[in-house]
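# Coordinate inspection notes
Here is what each chain is made of, one letter per residue.
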Amino acid sequence: MNKNSADVVVVGGGIVGTATAHFLAKQGISCIVVERDGIASHASGASYAALGTFDESGMDGTHFDVASLGMRLHGGLAESLYEDTGINVEFRERPSLSLAFEEVEAVAAQEPLGWEQKRRSWEVDRQGYRVEWIGIEEARRIEPRINPAALGAIYMEGTCDVNAQRLTQALAMSAEQQGAQFKNGTVTGLNKTNGRVRGVNIGEEEVACEKVVFAMGPWSEGASGWFGTPILMDPWKGQILRMRLPGSPIRSSVGGGDRFASTKPDGLTWIGPTFEKIGIDETITNAAKEEIITSVSKNIPTIVEAEVLVHTACIRPLSADRKLVLGKIPGLEGAYIATGGGRLGLMLGPAMALLAAELVVQSETTIPIGEFDPARFQEQKNNLVNG
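These numbers come from a predicted model, not from an experiment. (Residues numbered from 1 in each chain as written. Predicted model: local features only at pLDDT ≥ 70, side-chain atom pairs only at ≥ 80, totals over all residues. Heavy atoms only, no water.)

## Here's the deal with the overall build of the chain
A count of helices and strands for the chain gives 11 helices and 20 strands. Overall, the C-alpha framework of the chain stretches about 65 × 50 × 40 Å when taken along its three principal axes. By the burial criterion, 56% of the 387 residues in the chain qualify as buried. Considering only intrachain contacts with a sequence separation of at least 6, the fraction spanning at least 24 residues in the chain is 75%. Of the roughly 15,900 Å² of accessible surface on the chain, 48% is carried by carbon and sulfur atoms. The average position of the 36 basic charges and that of the 48 acidic charges among the side chains of the chain differ by 1 Å. (Helix = DSSP H or I, 4+ residues; strand = E, 2+ residues; numbered from the N terminus. Buried < 20%, exposed > 50% of the residue type's maximum accessible area, 1.4 Å probe, protein only. Contact = heavy atoms within 4.5 Å. Areas by Shrake-Rupley, 256 points an atom, 1.4 Å probe, with all protein chains shown as cover. Lys, Arg positive; Asp, Glu negative; His and termini not counted. Charge placed at Lys NZ, Arg CZ, Asp CG, Glu CD.)

Okay, here's the thing in structure tokens:
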């Protein structure tokens, strides 16, 4: 393959971009992945990567179909990527406990309504998870450090987690082994002729291609000018701490009040995250560190004794309407976009990539994705302008 041309250029080296290259390369499609910073250098490297906990409120409908596809793909990828690359992505089943401290929380957990009911149906009816309410005594038998003031918890089996950075790097390595190329650089423009993609510019370099998949995460809105149609993003910042906790590892993921604590295979306990609507800002802050420790200590009081070893921040790629952005760019033949997974990005990422690859190769997908059509943003922008 000519290093300055390919069938497909993928813009973005996160979970969606590398997985898209992986699926395309497996089919013999030549592709070049362009990444400005480094593979897994943002959210796809910093995410805790919980799988099966559908905790991005408001995502429903076809999102559940994409989530089910994502969960099916993860187990297979863990095995195949290890065989292909030798990288253990640390995929594992990981039960979870979601604590309730107030009676209203306990009732809502046992009798979910609205969107929470849809989520529970997905967990139990579609995924086959074991989901049950347990009292505080049983919860503390599972994890003795849980705050005894809790009334109880929803205990769930079927959830998993994975090492986000290793997974993304393994996908990139697998794609490269199958012929994909990776370029470090910033895409500065899109070459078009008669409404069709002809290539991308990386600084002064032009890379010719017939198709482009934009997997730029929270930076996707910046490509609107190239498309001639708006992409509306509303990213949120999240900070996470990795700690050395005295005593034995936490035996399950322990959550409550939108915070979690879980010990990873490397022995470090991850806690967080924050939810900061401040745009593109990946700086870590002492205020966030204190907020995380204080809030998680309600669930596990001894967390205050832990030593903070790593403090990370990343930006979750959410769209303005909280739906995935996945499909063909309207009015521009050969251009596609895949982003918007938010907190579910690692769970949904491989499925989004497979669907994007299907669009590129066969112009249709195994799951209907009309709900995610980026063309919707033009109407939304018009409504904002017209008040």
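## Details of helix H9 (residues 286-299)
Across its 14 residues, H9 extends 21 Å between first and last C-alpha, which sits within 8% of the 20 Å expected from 1.5 Å per residue. Residues Ala-288, Ile-292, Ile-293, Val-296, Ser-297 and Asn-299 constitute the buried set of H9. The buried residues of H9 all sit within an arc of 160° when viewed along its axis, so they share a single face. The outward face of H9, more than 90 degrees from its buried face, is lined by the exposed residues Asn-286, Ala-287 and Thr-294. Where H9 is buried, its residues meet strand S5 (96-100), strand S14 (236-244), strand S15 (253-256), strand S16 (259-263), strand S17 (269-272) and strand S18 (307-316). (Expected span 1.5 Å × (residues − 1). Arc of directions from axis to C-beta.)

## Considerations on the state of the cysteines
Put plainly, a disulfide is one covalent bond tying together the sulfur atoms of two cysteines. This structure, assessed with the given rule, holds zero disulfides. This cysteine, Cys-209, is not joined by any disulfide, and Cys-31 carries the nearest cysteine sulfur, 11 Å off. Judged by its relative accessible area of 3%, Cys-209 falls in the buried class. (Disulfide = S-S within 2.5 Å.)

## Some details on the side chain of Ser-96
Here Ser-96 shows up in strand S5. By relative accessible area, Ser-96 is classed as buried at 8%. Ser-96 has contacts with Ile-154, Tyr-155, Met-156, Thr-159, Ser-252 and Ser-253, leaving out every residue within four places of it along the chain.

## What about the packing of aromatic side chains?
The description of an aromatic ring pair uses the distance of the two centres, along with the angle that the planes make with each other. Per the stated rule, a full pass over the model turns up nine aromatic pairs. Ring geometry for Phe-54 against Trp-115: centres 6.2 Å apart, planes inclined by 50°, an arrangement best described as tilted. Of the two residues, Phe-54 sits in the loop between strand S3 (50-51) and helix H3 (62-85) while Trp-115 sits in helix H5 (residues 114-126), which places them 61 residues apart along the sequence. Residue Phe-54 is classed as buried on the basis of its relative accessible area, which comes to 0%. For the ring pair Trp-122 and Tyr-129, a centre distance of 6.0 Å and an interplane angle of 85° mean the geometry is edge-to-face. (Phe/Tyr/Trp six-rings, centres within 6.5 Å; stacked < 30°, edge-to-face > 60°.)

## Some remarks on the sheet that holds S3
One open sheet accounts for three strands, arranged S3-S8-S4; its pairing is antiparallel. Two strands in the sheet have a free side with no partner beyond their single neighbour: S3 and strand S4 (92-93). When S4 meets strand S8 (residues 160-161), the two strands line up antiparallel, connected through two bridges. Bridge pairing links Arg-92 to Asp-161 in S8. (Pairing = 2+ DSSP bridges.)

## Some points on the environment of Glu-333
The residue Glu-333 is located in the loop between strand S19 (325-328) and strand S20 (335-339) in this model. Judged by its relative accessible area of 48%, Glu-333 is partly exposed. Residues Glu-333 and Lys-192 lie 141 residues apart in sequence; the distance between their C-alpha atoms is 9.1 Å. Excluding residues that lie within four positions of it along the chain, Glu-333 makes contacts with Gly-195, Arg-196 and Val-197.

## Describing the sheet that holds S17
A sheet is described by the order of its strands in space; here eight strands give the open sequence S6-S7-S5-S15-S16-S17-S14-S18, paired in mixed fashion. Strands at the two margins of the open sheet, each flanked by one partner only, are strand S6 (130-135) and S18. Ignoring which end each strand starts from, the neighbouring axes of this sheet average 20° apart. Taken together, the five bridges between S5 and strand S7 (residues 152-157) define a ladder with antiparallel strand orientation. In the sheet register, Leu-99 faces S7, and the bridge partner there is Ala-153. Against the sheet, H9 engages S5, S14, S15, S16, S17 and S18, with an angle of about 65° to S14. (Axes fitted to C-alpha atoms, helices over the stretch in contact; angles between N-to-C directions.)

## A word on the packing of helix H1 (residues 15-26) against helix H7 (residues 164-177)
The geometry of H1 relative to H7 is characterised by a closest axis approach of 8 Å and an angle of 30° between their N-to-C directions. Accordingly, the angle class assigned to the pair H1 and H7 is roughly parallel. You can see that H1 and H7 cross each other, and the crossing is left-handed. Note on element contacts: H7 touches H1 through Leu-167, Thr-168, Leu-171, Ala-172, Ser-174 and Ala-175, opposite Ile-15, Thr-18, Ala-19, Ala-21, His-22 and Ala-25. (Parallel < 35°, antiparallel > 145°, perpendicular 65-115°, else oblique. Left-handed = near helix turned anticlockwise from the far one by under 90°.)

## Focus: the nonpolar core
Within the largest apolar cluster, 63 residues are counted, with the highest numbers of intra-cluster contacts made by Phe-54, Val-66, Leu-167, Met-347 and Leu-348. Element by element, the count of residues in this core is highest for helix H10 (residues 345-362), at 12 residues. The contact partners of Leu-348, leaving out residues within four places of it in the chain, are His-63, Val-66, Ala-67, Leu-324 and Gly-341. Counting 27 residues, the second largest nonpolar core, distinct from the first, contains Ile-32, Val-197, Ile-231 and Ile-329. (Core = buried A, V, L, I, M, F, W, Y, C linked by side-chain atoms within 4.5 Å.)

## Considerations on H10
The terminal C-alpha atoms of H10, which comprises 18 residues, lie 24 Å apart, in line with the 26 Å expected from a rise of 1.5 Å per residue. Most of H10 is tucked away, with 16 of its 18 residues classed as buried. Just beyond H10, the residue with positive phi is Ser-363, at close to 65°.

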